[in-house]
Amino acid sequence: SQALQVWLGALPIRSDLAEALIAHEQLVRMVESQNRALLGNNNESLPRIIGVFGELVAAGEDLLSLELKQRCVAILKQIQSSMPDSINQIVAALPPESQSPSSFQKSEHLPPRSQSP
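Bear in mind the structure is a predicted one, so any value in this text is a computation, not a measurement.

Approximately 260 Å³ is the volume attributed to the largest pocket. Examining the composition of the lining of the largest pocket, we find that four residues originate from one element, helix α5 (residues 66-82), more than from any other. Residue classes in the lining of the largest pocket are distributed as six nonpolar, four polar and two charged.

Given below as structure tokens:
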């Protein structure tokens, strides 16, 4: 479990495209299977996972295949439908590079967020 958290903290991988595709595919598979060791108790790793997915969707085919991007979007939509209030709080708490409004608008799973003046 601790090793998975370290691995999750290193994602997304940007320096090695071949390795990035493998690691990001594995992340999606583990989330789809609701891997408890990855998600943590009470889904405590969900904010980090959503952040990684946001970065991946924004990066597009540089870091993942079109099919994998679609799977990420489907997962994000599922999270939003099951936790609509929580997901906006999670996104707001993400680091700026993970919460880019364009990342989430591209995925079409979140409404556009208001920008601060």
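Among the nonpolar cores identified, the biggest contains 30 residues, and L27, I50 and F53 are the most heavily contacted of them. Counting residues per element, the ones that place at least two in this core are α2 (17-32), α3 (36-39), α4 (46-59), α5 and α6 (84-93). At eight residues, α4 tops the list of elements feeding residues into this core.

The geometry of helix α1 (residues 2-9) relative to α2 is characterised by a closest axis approach of 12 Å and an angle of 125° between their N-to-C directions. Taken together, the axes of α1 and α2 lie oblique to each other. α1 and α2 meet at a crossing whose hand is left-handed. On the side of α1, the interface is formed by L4, W7 and L8, while α2 contributes A23, Q26, L27 and M30. For the contact of α1 with α2, the residue count by class is six nonpolar, one polar and no charged.

What counts, and where the lines are drawn
- Residues numbered from 1 in each chain as written.
- Predicted model: local features only at pLDDT ≥ 70, side-chain atom pairs only at ≥ 80, totals over all residues.
- Heavy atoms only, no water.
- 1 Å grid on protein atoms, 1.4 Å probe; cavity = no way out; pocket = protein on both sides within 12 Å on 5 of 7 lines; lining within 4 Å.
- Points joined across faces, edges and corners; volume = space filled by probe spheres on them.
- Helix = DSSP H or I, 4+ residues; strand = E, 2+ residues; numbered from the N terminus.
- Nonpolar A, V, L, I, M, F, W, Y, C, P; charged D, E, K, R; others polar.
- Core = buried A, V, L, I, M, F, W, Y, C linked by side-chain atoms within 4.5 Å.
- Buried < 20%, exposed > 50% of the residue type's maximum accessible area, 1.4 Å probe, protein only.
- Axes fitted to C-alpha atoms, helices over the stretch in contact; angles between N-to-C directions.
- Parallel < 35°, antiparallel > 145°, perpendicular 65-115°, else oblique.
- Left-handed = near helix turned anticlockwise from the far one by under 90°.
- Contact = heavy atoms within 4.5 Å.

The analysis is restricted to geometry; functional conclusions fall outside its scope.
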